[in-house]
Amino acid sequence: TASLGMEAEQEPLLGNRTSGNREGDIVETEEHYKSRWRSIRILYLTMFLSSVGFSIVIMSIWPYLQKIDQTADASFLGWVIASFSLGQMVASPMFGLWSNYRPRKEPLIVSIFISVAANCLYAYVHLPASHNKYYMLVARGLVGFGAGNVAVVRSYIAGATSLQERTSSMANTSACQALGFILGPVFQTCFALIGEKGVTWDVIKLQINMYTAPVLLGAFLGVFNIILILAILREHRVDDSGRQCKNINFEEASTDEVQVPQGNIDQVAVVATNILFFVVLFIFALFETIITPLTMDMYGWTQEQAVLYDGIILAALGVEAVVILLGVKLLSKKIGERAILLGGLIVVWVGFFILLPWGNQFPKIQWEDLHNNSIPNTTFGEIIIGLWKSPREDHNERPTGCPIEQAWCLYTPVIHLAQFLTSAVLIGIGYPVCNLMSYTLYSKILGPKPQGVYMGWLTASGSGARILGPVFISQVYAHWGPRWAFSLVCGMVVFTITLLGVVYKRLIAFSVRYGRIQE
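Since the model is a prediction, treat every value here as computed from it, not as a measurement. (Residues numbered from 1 in each chain as written. Predicted model: local features only at pLDDT ≥ 70, side-chain atom pairs only at ≥ 80, totals over all residues. Heavy atoms only, no water.)

Caption draft 1: Structural view of the overall build of the protein. In terms of regular secondary structure, the protein is built from 16 helices and four strands. Taking all 519 residues of the protein together, the buried fraction comes to 59%. In the protein, of all internal contacts separated by at least 6 residues, the share reaching a separation of at least 24 is 82%. A total of about 21,000 Å² of accessible surface is found on the protein, and carbon and sulfur atoms cover 68% of it. (Helix = DSSP H or I, 4+ residues; strand = E, 2+ residues; numbered from the N terminus. Buried < 20%, exposed > 50% of the residue type's maximum accessible area, 1.4 Å probe, protein only. Contact = heavy atoms within 4.5 Å. Areas by Shrake-Rupley, 256 points an atom, 1.4 Å probe, with all protein chains shown as cover.)

This is the structure:
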């Protein structure tokens, strides 16, 4: 992604820096420019590695949890999954605050170090004699805590790019993040070849198997990342038109830098963008969660089929996201970020509207007795459980179809496969667009002051959405079925579009608002 982003990054090197600035112009030197972009690219990598760290174990948590602690059940699994987002939610504002007052290297290195330590803990959770599941919960929570550095990365990139470079560099950041989410499960699949037994390194009591190898790779990449940050990352700040600014994070301040412009941040726009971002992430999190139970209920897929096909669908959506993010960079120059955000929300709404069941064909009903955990019953964990079945459970063929316990199966029409796939494609277009535009608009609204704390709040609202989305959908879907579930989601998107309409005129860059730069 870095190489694709190069052309877009390099446009405003010296060309339109100098036009229309009222204060004495300081044009960026070639050396400073190169150092600035080297630092930004290191942070692209940090973002990529952070999301790989999250997704590389997601497929194997359940079998590993069952292996180390027989007492762990579905609802506990829900907590283990949610602990990552909880940790990130707590840490983001803290790291953000820290990065406003100190060199950004500090929170970055500390946060990555916490993730490395947490990954090592995860590799050793089988050792204690009891309470293993709680050690695992702590390990995942700490990995999430370390991932709170996303706020620092975003605020650094916002502060080190001019308005013209902003959308493009934010798009590259999001593309690296999306790529990490796609490749994590791919690495996980490769490690499955090691098998459950693996090898044991007796001296340090380390078991290297299909469950621990991914986190050990994560820890190794973290150490590599710390070395790169120490070696290459430098503090850089430029104002909205690309001139160097005074930097409170600077080790040595040079004399010829422009003062950071004064003015108040538009708090209404800030709150509105946080709400937009929350809804966008909430909707995608619930979509990811519901895919497996929905396809099993509607198409009578077995557990294995659902995991395989839905895995392929989510991977395809990830690839689609990377392509879309790189395309949006070019489009935003022509029609502006607000219009693209509006378009993205409309696409998401159409996607969920298509998912509404209609017609007079009904899903195949599953009458037989059921094991409790194949119904998306009450907890987030029980939905997730559909993703992993350890081999020892599958002696007998499970009944397939829509379970009779879900009363709505009897009167809700089937959602056709074509409907489902069309909807997935549309949501896969709308989500990355909305995600990127919320971030980009937010960083522009905040202007040239240090953005750490504000970015921390945005990251925290996203983490909150990731926790609440799956809980919401599993309750509504199990009790009232897809018609109610997706109607409520459509309602939410309509609310969000209305909110965007109300604050549309306020979502403008800080320096445009104060008339320093023409939009």
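Once the structure has been displayed, the description carries forward.
Caption draft 2: Examining the packing of helix 7 (residues 150-159) against helix 15 (residues 452-503) more closely. At a minimum axis distance of 8 Å, the contact between helix 7 and helix 15 shows a crossing angle of 130°. Judged by the angle between their axes, helix 7 and helix 15 are oblique. For the crossing formed where helix 7 meets helix 15, the hand is right-handed. Residue-level contacts link Val150, Ala151, Arg154, Ser155 and Ala158 of helix 7 to Gly452, Met455, Gly456 and Thr459 of helix 15. When the residues that make up the contact of helix 7 with helix 15 are grouped by side-chain class, the tally is four nonpolar, four polar and one charged. (Axes fitted to C-alpha atoms, helices over the stretch in contact; angles between N-to-C directions. Parallel < 35°, antiparallel > 145°, perpendicular 65-115°, else oblique. Left-handed = near helix turned anticlockwise from the far one by under 90°. Nonpolar A, V, L, I, M, F, W, Y, C, P; charged D, E, K, R; others polar.)

Caption draft 3: Representation of the packing of aromatic side chains. If you walk through the whole model with that rule in mind, you get 19 aromatic pairs. Aromatic side chains Tyr64 and Tyr211 sit 5.1 Å apart centroid to centroid with 25° between the ring planes, which places their arrangement in the stacked category. With Tyr64 in helix 3 (residues 61-68) and Tyr211 in the loop between strand 2 (206-208) and helix 9 (213-232), this residue pair connects regions lying 147 residues apart in the sequence. According to the relative accessible area criterion, Tyr211 is buried, its value standing at 3%. (Phe/Tyr/Trp six-rings, centres within 6.5 Å; stacked < 30°, edge-to-face > 60°.)

Caption draft 4: Spatial organisation of the state of the cysteines. Going through the model one piece at a time under the given rule, you end up with one disulfide. Residue pairing for Cys402: its cysteine sulfur links by disulfide to Cys409, the two sulfurs lying 1.9 Å apart. Between Cys402 and Cys409 the sulfur-sulfur dihedral comes to about -60°; the bridge is accordingly left-handed. In terms of burial, Cys402 and Cys409 fall into one category: buried. (Disulfide = S-S within 2.5 Å.)

Caption draft 5: Representation of the confidence of the model for the protein. Here the protein shows a mean pLDDT of 82. Residues at 70 or above account for 85%. Here helix 1 (residues 2-10) stands out as the least confident element of the protein, with mean pLDDT 44; helix 12 (residues 337-354) is the most confident, with 95. Across residues 251-256, confidence stays below pLDDT 50; counting only partners more than four residues off in sequence or on other chains, it has five contacts. Scored below 50 in pLDDT, residues 370-378 makes 28 contacts in the model with residues more than four places away or belonging to other chains. (pLDDT = per-residue confidence, 0-100.)

Caption draft 6: Here's a closer look at helix 12. With 18 residues, helix 12 extends 26 Å between its outermost C-alpha atoms, agreeing within 8% with the 26 Å of an ideal straight helix rising 1.5 Å per residue. All of the buried residues in helix 12 are Glu337, Arg338, Ile340, Leu341, Gly344, Leu345, Val348, Gly351 and Phe352. Seen end-on, helix 12 carries its buried residues on one side only, within an arc spanning 165°. Taken together, the buried residues of helix 12 touch helix 8 (163-191), helix 10 (267-299), helix 11 (303-335), helix 14 (417-446) and helix 15. (Expected span 1.5 Å × (residues − 1). Arc of directions from axis to C-beta.)

Caption draft 7: Geometry of unusual backbone geometry. Despite not being glycine, His131 shows a phi value in the positive range, around 55°. Looking at the element boundaries, His131 is found in the loop between helix 5 (105-123) and helix 6 (132-146). Exposure remark for His131: the relative accessible area of 51% places this residue in the exposed category. For Lys205, which is not glycine, the phi dihedral falls at a positive 50°. Examined against the element boundaries, Lys205 turns out to sit in the loop between strand 1 (199-201) and strand 2.

Caption draft 8: Just helix 5, in detail. For helix 5, which comprises 19 residues, the first-to-last C-alpha distance of 27 Å matches the rise-based estimate of 27 Å (1.5 Å per residue) to within 8%. Those residues of helix 5 that fall on the buried side of the exposure criterion are Pro107, Leu108, Ser111, Ile112, Ser115, Val116, Ala118, Asn119, Tyr122 and Ala123.

Caption draft 9: Quick peek at the side chain of Ser92. Topologically, Ser92 is positioned in helix 4 (residues 74-101). Only 2.7 Å separates the side chain of Ser92 from the backbone oxygen of Gln88, close enough to count as a polar contact. When sequence neighbours within four positions are dropped, the list of residues in contact with Ser92 reads Gly148, Ala151, Gly456, Thr459 and Ala460. (Polar contact = N/O pair within 3.5 Å; in protein donor to acceptor, adjacent residues only side chain to side chain.)

Caption draft 10: Spotlight on the nonpolar core. By size, the foremost hydrophobic cluster in this structure holds 132 residues, and its most contacted members are Ile61, Met136, Phe287, Phe352 and Phe486. If you tally residues by element for this core, the top one is helix 10, at 17 residues. Ignoring any residue separated from it by four or fewer positions in sequence, one finds Phe352 in contact with Ile283, Leu286, Phe287, Ile427, Phe486, Val489 and Cys490. (Core = buried A, V, L, I, M, F, W, Y, C linked by side-chain atoms within 4.5 Å.)

Caption draft 11: Representation of a nonpolar patch on the surface. A contiguous nonpolar surface patch, about 300 Å² in accessible area, is contributed by Trp79, Leu86 and Met89. You can see Met89 is positioned in helix 4. (Patch = residues over 30% accessible without salt bridge, like charges linked within 9 Å, V, L, I, M, F, W, Y side chains within 5 Å. Salt bridge = Lys/Arg side-chain N within 4 Å of Asp/Glu carboxyl O.)

Caption draft 12: Spotlight on the environment of Trp408. As for its placement among the helices and strands, Trp408 is situated in the loop between strand 4 (402-403) and helix 14. Overall, the relative accessible area of 0% leaves Trp408 in the buried class. Note: C-alpha distance between Trp408 and Gly481 (73 residues apart in sequence) is 5.7 Å. When neighbours within four sequence positions are excluded, Trp408 is seen to be in contact with Asp297, Met298, Cys402, Tyr477, Ala478, His479, Trp480, Gly481 and Pro482. A distance of 3.0 Å separates the side chain of Trp408 from the backbone oxygen of Tyr477, its partner in a polar contact. Among the polar contacts made by the side chain of Trp408, one reaches the main-chain carbonyl oxygen of Ala478 at a distance of 3.3 Å.

Caption draft 13: Just the side chain of Ser155, in detail. Structurally, the position occupied by Ser155 is in helix 7. Residue contacts for Ser155: discarding those within four places in its chain leaves Ser99, Arg104, Gln451, Gly452 and Met455.

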